[in-house]
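Chain by chain, the residues:
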Amino acid sequence: MNWIKLQSENQLDEIREKSTTRPQLIFKHSTRCSTSALVKSRLERSAQPGDIDFYYLDLINYRPVSNKIADSFSVHHQSPQILIIRNGECVYDESHLGISMDEILEQSGQN
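Residues numbered from 1 in each chain as written. Predicted model: local features only at pLDDT ≥ 70, side-chain atom pairs only at ≥ 80, totals over all residues. Heavy atoms only, no water.

Participant: In this structure, what is going on with the environment of Ser 72? I would like to understand it.
Facilitator: Secondary-structure assignment places Ser 72 in helix α3 (residues 63–73). Accessibility expressed as a relative area gives 25% for Ser 72, which makes it partly exposed. Through-space distance from the C-alpha of Ser 72 to that of Leu 38 is 27 Å; in sequence the pair is 34 residues apart. In this structure, Ser 72 is in contact with Leu 12 and Arg 16, ignoring residues within four places of it in sequence. (Helix = DSSP H or I, 4+ residues; strand = E, 2+ residues; numbered from the N terminus. Buried < 20%, exposed > 50% of the residue type's maximum accessible area, 1.4 Å probe, protein only. Contact = heavy atoms within 4.5 Å.)

Participant: It is not clear to me how the sheet that holds strand β5 (residues 89–95) should be interpreted in this structure. Could you clarify?
Facilitator: What links the strands of a sheet is backbone hydrogen bonding, and the strands pair in either a parallel or an antiparallel sense. Here five strands make up an open sheet; going across it, the order is β1-β3-β2-β4-β5 and the pairing mixed. Strands at the two margins of the open sheet, each flanked by one partner only, are β1 (4–5) and β5. Here six bridges tie strand β4 (residues 81–86) to β5, and the two strands are oriented antiparallel to one another. Bridge pairing in β5 links Ile 84 to Tyr 92. Strands β1, β2 (24–29), β3 (53–58) and β4 of the sheet are contacted by helix α1 (residues 11–18), whose axis makes an angle of about 160 degrees with β3. Sitting on the sheet, α3 touches β2, β3, β4 and β5, and the angle it makes with β2 is about 135 degrees. (Pairing = 2+ DSSP bridges. Axes fitted to C-alpha atoms, helices over the stretch in contact; angles between N-to-C directions.)

So, in structure tokens, the structure goes:
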């Protein structure tokens, strides 16, 4: 998995901009949560589609970024959580064991 580290609120503008040409995915991961570790492992064992950028947020170390994501994309904070951003908006979010690569592909329009 080629994660792009999400470590600053400024990167959210970049994600919005890039989402006009290809889907962007944000994975909010808690390093203190076994469910989050399980989901991260499942994603990393799956084939990564080449037409989606995958951002990784360590929400323990970057909690303000996580809060900004919730505000900017109008989603309730969860952990673990994925958001798919297209055309500057969150078009899909899922959390916990509902996260799967098959669902990511379907919801991102890449299936």
